[in-house]
Amino acid sequence: MPEGWTRALAVVAHPDDLEYGVAAGIAEWTARGKQISYLLATRGEAGIDTMDPAEAARVREGEQRASAAAVGVTDVRFLDHQDGVLQEGPALRSDIAAVIRALRPELVITVNHRDTWGAAPGAPWNTPDHRALGRSVLDAVGDAGNRWIFTERMKKDGVGPWDGVRWVAVAATPAVTHAVEVGEEAARKGLASLLEHRAYITALTDEEPEAYARSIVDRALDMYGQSYGGRRAVAFELHPC
């Protein structure tokens, strides 16, 4: 992965999206002094079947803030789009572009926008929110640098265009091209980050939360070891801008 950047923005649909592997890479970067902010399109309010959406939104926002802190991220923002029915298009692009213009990152990170979670026939189908969010992120990066797109929002926010994003890094795609090596301490922080989503994990599985989280993080970091000389890593599909 390129290292010639200081500011990054990670944009995802829901609380916990970054914690299934990417957070360990973020822990590695924050330990090197990189500045990283999180932007979530929803509060994941439709993600816990046994919990009222309003309560789930409150709980999951708190879990996400604690999760981010575990890997050295203190700037966590939410857009208040509705969980489960994200719409790809100008409204979402405008909201994302506004944050890109305000924060001026050089790297933007997101999660798989493709139809499936793998390239093989019959690979698990991706969710509508992930597909809509990831595609809107890729488009919003270009929008942010164009002074003639979303001009009223730009005036309202008091910011100018930002065409300084140099790369978009998409995690968990079937077409990875680059990776960041993850050391033992960053892996530990990545595990701690996922464990902060305890209410969500408890509702998701009967497995003991730490065992579940450890299996997820270990699998994510080991997946690309063979391709990267046996080193644990978080891999991305990198799009130069």
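Quantities reported herein were computed from a predicted structural model and do not represent experimental measurements.

Chemist: When you look at the overall build of the protein chain in this model, what are you seeing that I'm missing?
Modeler: Secondary structure summary: the protein chain contains eight helices and seven strands in total. On C-alpha atoms alone, the protein chain measures out to a radius of gyration of 17 Å, which is about the 18 Å that the 2.2 N^0.38 rule sets for 241 residues. A total of 241 residues make up the protein chain; the buried ones form 53% of that total. When contacts within the protein chain are restricted to residue pairs at least 6 apart in sequence, long-range pairs at least 24 apart make up 79% of them. Working note: accessible area of the protein chain is about 10,800 Å², and carbon and sulfur atoms make up 50% of it. A gap of 7 Å separates the mean positions of the 26 positive and 35 negative side-chain charges of the protein chain.

Chemist: Any chance you could explain the pattern of salt bridges here in plain terms?
Modeler: Side chains bearing opposite charge may pair, as long as their charged atoms lie close to each other. All chains considered together, the criterion is met by 20 salt bridges. Of the charged contacts, one joins Lys-34 and Glu-3 as a salt bridge, the two residues approaching to 3.7 Å between their closest N and O atoms. With a gap of 31 residues between them, Lys-34 in the loop between helix 1 (22-31) and strand 2 (35-40) and Glu-3 in the segment before strand 1 (7-12) connect regions that are remote in the sequence. When its relative accessible area of 33% is taken as the criterion, Glu-3 is described as partly exposed. A salt bridge links Arg-65 to Glu-61; its shortest N-O distance comes to 3.0 Å.

Chemist: Got a minute to help me understand helix 8 (residues 209-222) in this structure?
Modeler: In an α-helix, one turn spans 3.6 residues, which is why side chains three or four residues apart end up on the same side. The end-to-end C-alpha distance of helix 8, which contains 14 residues, comes to 20 Å, matching closely the 20 Å that a straight helix rising 1.5 Å per residue would cover. Restricting attention to buried positions, one finds in helix 8 the residues Pro-209, Tyr-212, Ala-213, Ile-216, Val-217, Ala-220 and Leu-221. Down the axis, helix 8 shows its buried residues gathered within 150 degrees of arc, on one side only. Where the residues of helix 8 are buried, they touch helix 1, helix 6 (184-195), helix 7 (198-204) and strand 7 (233-240).

Chemist: Just checking my understanding: could you explain the side chain of Ser-37 for this structure?
Modeler: Relative to the helices and strands, Ser-37 resides in strand 2. Residue Ser-37 is classed as buried on the basis of its relative accessible area, which comes to 12%. Residues within four places of Ser-37 in sequence aside, it is in contact with Ala-8, Leu-9, Ala-10, Val-73, Asp-75 and Leu-103.

Chemist: So what exactly am I meant to see when it comes to the nonpolar core here?
Modeler: Note on soluble globular proteins: their nonpolar side chains tend to be buried together. Counting residues in each nonpolar core, the largest one holds 42 residues, and the members touching the most others are Ile-26, Trp-29, Tyr-38 and Phe-236. Tallying contributions element by element places helix 1 first for this core, with six residues. Not counting residues up to four positions away in its chain, the partners in contact with Tyr-38 are Leu-9, Ala-10, Leu-18, Glu-19, Ile-26, Gln-64, Ala-68, Val-71, Val-73, Asp-75, Val-76 and Arg-77. If you look at the next biggest cluster of nonpolar residues, it comprises 24 residues, including Ala-41, Leu-92, Ile-96 and Leu-133.

Chemist: I tried to follow the pairing of strand 4 (residues 107-111) on my own but got confused; where do I start?
Modeler: Regular strands show a simple pattern: their side chains alternate between the two faces of the sheet. Taken across its five residues, strand 4 has five buried, putting it largely inside the fold. Neither face of strand 4 is open: one carries Leu-107, Ile-109 and Val-111, the other Val-108 and Thr-110, and all of them are buried. As paired elements, strand 1 and strand 4 share three bridges and run parallel to each other. The partner of Ala-8 across the bridge, within strand 4, is Leu-107.

Chemist: What is the right way to look at helix 2 (residues 53-70) in this model?
Modeler: With 18 residues, helix 2 should reach 26 Å at 1.5 Å per residue; the first-to-last C-alpha distance of 25 Å fits that figure. When helix 2 is considered as a whole, its buried residues turn out to be Ala-56, Ala-57, Val-59, Arg-60, Glu-61, Glu-63, Gln-64, Ser-67 and Ala-68. Buried-residue contacts for helix 2 involve strand 2, strand 3 (75-78), helix 6 and helix 7. Where helix 2 begins, one side-chain oxygen reaches toward the backbone nitrogen of Ala-54, 3.0 Å away; that side chain belongs to Asp-52. Gly-72 lies just past helix 2 and shows a positive phi near 85 degrees.

Criteria and thresholds
- Residues numbered from 1 in each chain as written.
- Predicted model: local features only at pLDDT ≥ 70, side-chain atom pairs only at ≥ 80, totals over all residues.
- Heavy atoms only, no water.
- Helix = DSSP H or I, 4+ residues; strand = E, 2+ residues; numbered from the N terminus.
- Rg over C-alpha atoms; globule rule 2.2 N^0.38 Å.
- Buried < 20%, exposed > 50% of the residue type's maximum accessible area, 1.4 Å probe, protein only.
- Contact = heavy atoms within 4.5 Å.
- Areas by Shrake-Rupley, 256 points an atom, 1.4 Å probe, with all protein chains shown as cover.
- Lys, Arg positive; Asp, Glu negative; His and termini not counted.
- Charge placed at Lys NZ, Arg CZ, Asp CG, Glu CD.
- Salt bridge = Lys/Arg side-chain N within 4 Å of Asp/Glu carboxyl O.
- Expected span 1.5 Å × (residues − 1).
- Arc of directions from axis to C-beta.
- Core = buried A, V, L, I, M, F, W, Y, C linked by side-chain atoms within 4.5 Å.
- Pairing = 2+ DSSP bridges.
- Polar contact = N/O pair within 3.5 Å; in protein donor to acceptor, adjacent residues only side chain to side chain.

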